[in-house]
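If you want the building blocks of each chain, they are given just below.
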Amino acid sequence: MKKLFVSIGALAMAAGVAAQTFVSTEAYSWHGDTITQGEYFATAPSETSLVSTYHAQPGYFMPVQGSWQARNDLSAYPKLVTPNRLHTAIYNLGLDEMVNAVEADTTLRTGKEWAGVWTRDVSYSILLSMAYMQPEAARISLEKKVDRLGRIIQDTGSGGAWPVSTDRQIWGIAAWEVYKVTGDRKWLEFIYPVAKRSLETDAATIYDAATGLVRGETSFIDWREQSHPKWMQTADIYSTLTLSTSVVHAQAWSVLADMADMLGKKHEAAKAREQAKKIREAVNRHLWMPQLGLYAMYLYGRDNLIVNPRAETLGESLAIIWNVADADRARTITESNPVTPFGPAIFYPQIADMPAYHNNSLWPWVDAWWTLANAKAGNEQGVMQGFGALFRPAALFCTNKENLNLDNGDIATELNSSNMLWCLAGNIALTHKVLFGIGYEPDRLTFSPFVPEVLGQQRQLLGFKYRNAILNITVEGYGQHIKSFTINGKEQKQHWIPASKAKGVMDVRIVMDNKPIPALKVNRRDNLKAPLTPIVRLEGNTLCWHPIEYINHYEVWRDGHKIAEVRTTTFDTSEAGEYQVVGVADNGTPSFASEPLSNRQKTVYEMPGESTVTASTEIPAEYRPANGISGYSGKGFIEVDKNSAPVSIKIHIPQSGDYCISLRYSNGNGPVNTENRCAIRTLKVDGIPAGIVVMPQRGRANWDDWGYTNSLLLPALEAGEHTVTIEFAPDNENMNIETNHALIDNLRLVKK
């Protein structure tokens with residue numbers, strides 16, 4: 001202990017010696033081989049060790065390890081040679097923890113505190129660097145995320161997983177990355193039908209016909225209260241139209257087209273490419289906010305959706321990397337997305353009355369995507385801020401942590417883990433994909449380094465494996481353009497290595513042009529909390545709400561459009577519509593919109609059921625109701641499971657026009673936040689499909705909790721009698737497969 005104290009003291013004096021500053025913000029600095037944050041510092045005594053003086057927030061359950069020393073043999077992995085010892089040590093930390101993450105069954109463990117394989121975690125990790133660093137473990141891990149019906153498994157999440165959580169298509173993109181690394185034809189033949197089948201099911205279930213966008217939660221942000229207003233139920237989250245998930249689906253269709261081309265399926269490739277184009281166009285048409293220079297996080301509401309104008313870093317990053325944003329928009333996004341002193345937030349601004357996890361947090365793997373996006377867009381300052389935001393916590397906490405609190409940079413969040421797979425994958429990716437510019441295509445390894453001037457020293461990557469070759473790569477100088485590219489001393493016109501010629505030891509030497517990168521700015525902003533969400537009620541023809549502290553004024557919205565700005569807490573609603581209220585702070589920051597309240601004409605059709613639940617084999621024993629069901633309206637309800645006959649209801653339309661239809665339901669087949677028993681049904685009007693209604697879980701055995709499904713628009717419905725049918729269709733299979741069960745209380749029609 002005394003020896004450690006002495007060494008830390010000596011290192012502290014060394015840290016005070018003048019050194020080159022690479023990144024400096026109001027919160028921390030990276031200078032020389034040291035990270036300094038207030039009274040704390042971390043440095044690298046060697047290329048395989050780190051020491052830190054950081055102390056975690058008092059009382060937090062997870063201690064901070066004050067040092068790291070490599071424990072695994074790293075000789076099988078690419079060796080980084082760079083004059084900056086801290087950079088080398090953080091890179092080696094990533095390698096060391098990567099070895100820890102490979103389980104005995106050759107799968108990739110999600111994190112020290114997170115056992116098992118998760119679809120999104122492993123897929124994003126594979127895309128960042130695990131496809132080529134751990135190709136066999138990547139392949140086996142992806143295989144485990146295919147169900148017995150040959151579909152991609154959606155991770156459990158809000159309301160019973162899919163189709164409330166809908167980012168499973170990241171699997172197909174990751175699987176294609178493994179193919180690009182390995183060139184394994186059998187793997188391609190396995191993944192293509194899985195990806196195609198899953199995309200086609202999603203197209204039938206979660207694609208919004210009116211906008212072309214994709215429904216469901218923001219990718220990976222799967223704690224509903226951490227990113228949505230509290231009034232939103234899980235059926236409301238299904239109805240949201242989301243940036244990052246839409247971008248993932250666009251790329252998944254593009255990848256499917258590439259797979260089809262490789263397999264000689266030209267017609268299927270053309271159809272997939274067209275679907276990808278439609279989603280990209282929808283994102284640009286409906287989510288771009290020119291006044292902010294960003295895409296909106298999502299559209300939300302009930303019968304009328306409005307924009308949530310928060311910036312969402314993963315979605316903005318993927319839009320740049322996967323060409324949803326053109327070059328001009330890409331540059332604008334990197335200059336507009338807020339970057340706090342600790343780095344880019346998961347989203348911005350934060351939710352004031354919600355603890356840190358997805359909210360009020362930085363996740364290093366998301367920062368890695370942001371850094372890659374900045375490199376593609378040519379934002380040198382953004383790239384350096386990205387490196388710093390990942391290096392700071394890796395050095396201070398001596399591990400690749402899951403997430404960091406944006407108020408103070410600490411690990412004190414709702415949940416956290418060391419040795420986090422996607423964070424260590426991002427750590428490795430920044431060195432390989434930015435500074436060495438390594439990229440994979442099906443038939444070649446490409447190079448396009450982006451080297452900020454401050455990092456312009458020579459660096460090497462030795463023993464990098466590609467197909468049948470071992471590459472020793474040297475990059476000299478700085479800039480975003482290559483001046484000279486040689487292989488084994490011979491100048492090459494193209495900056496890639498064909499897969500067919502990747503054999504033996506190959507010395508790759510890249511000389512950058514040393515020309516300044518055109519300056520782009522970074523939107524440095526203090527962390528910001530949005531105002532609280534107004535809670536509204538209707539009293540006759542008056543919309544009322546309680547005043548909120550620090551509000552400058554309120555916006556009143558009707559049917560998805562802003563109609564007034566007021567400083568009072570009431571508003572006349574004599575004109576029928578669906579109303580919401582948004583609070584706006586003095587600095588212009590808006591709150592979430594309040595729960596939509598409608599005073600439009602409603603017609604309710606009660607179900608001709610009884611107040612009992614049968615002993616359905618679909619209901620797990622622990623979720624069966626112990627007593628009678630209560631809380632329903634009318635005489636009772638109907639019970640639906642996979643084997644139920646279709647339910648038909650006669651409705652009368654007194655006046656032709658547009659109507660919204662929804663069902664009141666109960667689903668006690670599991671908790672709200674885990675498991676996978678969301679009930680799904682196809683709704684038809686006069687035999688013609690009108691859309692999908694989802695009945696997400698509402699609580700463990702909580703059959704007395706009733707709420708409405710998503711709302712479906714029935715356009716131009718003619719006056720007279722109609723038949724509404726609720727039935728189970730093949731595309732309505734959920735992730736559980738066995739249990740697809742709910743109680744339905746009534747049907748509600750609202751005149752638009």
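Remember, it's a predicted structure, so these values are computed and weren't measured experimentally.

## Looking at the overall build of the chain
Summing up its helical and strand segments, the chain has 14 helices and 47 strands in all. Compactness check: the chain gives a C-alpha radius of gyration of 27 Å against a globular reference of 27 Å for 752 residues, within 12% of the reference. Residues counted as buried form 61% of the 752 residues belonging to the chain. In the chain, 73% of the contacts between residues at least 6 apart in sequence involve partners at least 24 apart. For the chain, the accessible area works out to roughly 28,200 Å², and carbon and sulfur atoms hold 50% of it. If the 72 positive side-chain charges of the chain are averaged to one point and the 80 negative ones to another, these points end up 5 Å apart.

## Brief notes about the side chain of Glu97
As for its placement among the helices and strands, Glu97 is situated in helix α2 (residues 85–101). Buried within the structure, Glu97 lacks any salt-bridge partner; Arg71 is the closest side chain of opposite charge, at an N-O distance of 7.8 Å. Setting aside residues up to four positions removed in sequence, Glu97 forms contacts with Cys398, Thr399, Asn400, Asn419 and Leu424.

## Description of the packing of aromatic side chains
Counted by the stated rule, this structure contains 30 aromatic pairs. Summarising the aromatic geometry, the rings of Tyr40 and Tyr54 are spaced 4.6 Å apart at their centres and angled 50 degrees between planes, so their arrangement reads as tilted. Note that Tyr40 is positioned in strand β4 (residues 40–46) and Tyr54 in the loop between β5 (49–52) and β6 (67–69), a separation of 14 residues in sequence. Classification of Tyr40 by relative accessible area gives buried; the value is 18%.

## What to know about the sheet that holds strand β21 (residues 444–447)
Strands belonging to one sheet form pairs held by backbone hydrogen bonds; the direction of such a pair is parallel or antiparallel. Ordered in space as β20-β21-β26, the 3 strands form an open sheet in which the pairing is antiparallel. Each edge of the open sheet carries a strand with a single partner, namely β20 (438–441) and β26 (496–498). The sheet shows a mean angle of 20 degrees between the axes of neighbouring strands, taken without regard to direction. Sheet analysis places β20 next to β21, joined by 4 bridges and oriented antiparallel. Paired with Tyr440 across the two strands is Leu445, which belongs to β21.

The rules behind the values
- Residues numbered from 1 in each chain as written.
- Predicted model: local features only at pLDDT ≥ 70, side-chain atom pairs only at ≥ 80, totals over all residues.
- Heavy atoms only, no water.
- Helix = DSSP H or I, 4+ residues; strand = E, 2+ residues; numbered from the N terminus.
- Rg over C-alpha atoms; globule rule 2.2 N^0.38 Å.
- Buried < 20%, exposed > 50% of the residue type's maximum accessible area, 1.4 Å probe, protein only.
- Contact = heavy atoms within 4.5 Å.
- Areas by Shrake-Rupley, 256 points an atom, 1.4 Å probe, with all protein chains shown as cover.
- Lys, Arg positive; Asp, Glu negative; His and termini not counted.
- Charge placed at Lys NZ, Arg CZ, Asp CG, Glu CD.
- Salt bridge = Lys/Arg side-chain N within 4 Å of Asp/Glu carboxyl O.
- Phe/Tyr/Trp six-rings, centres within 6.5 Å; stacked < 30°, edge-to-face > 60°.
- Pairing = 2+ DSSP bridges.
- Axes fitted to C-alpha atoms, helices over the stretch in contact; angles between N-to-C directions.

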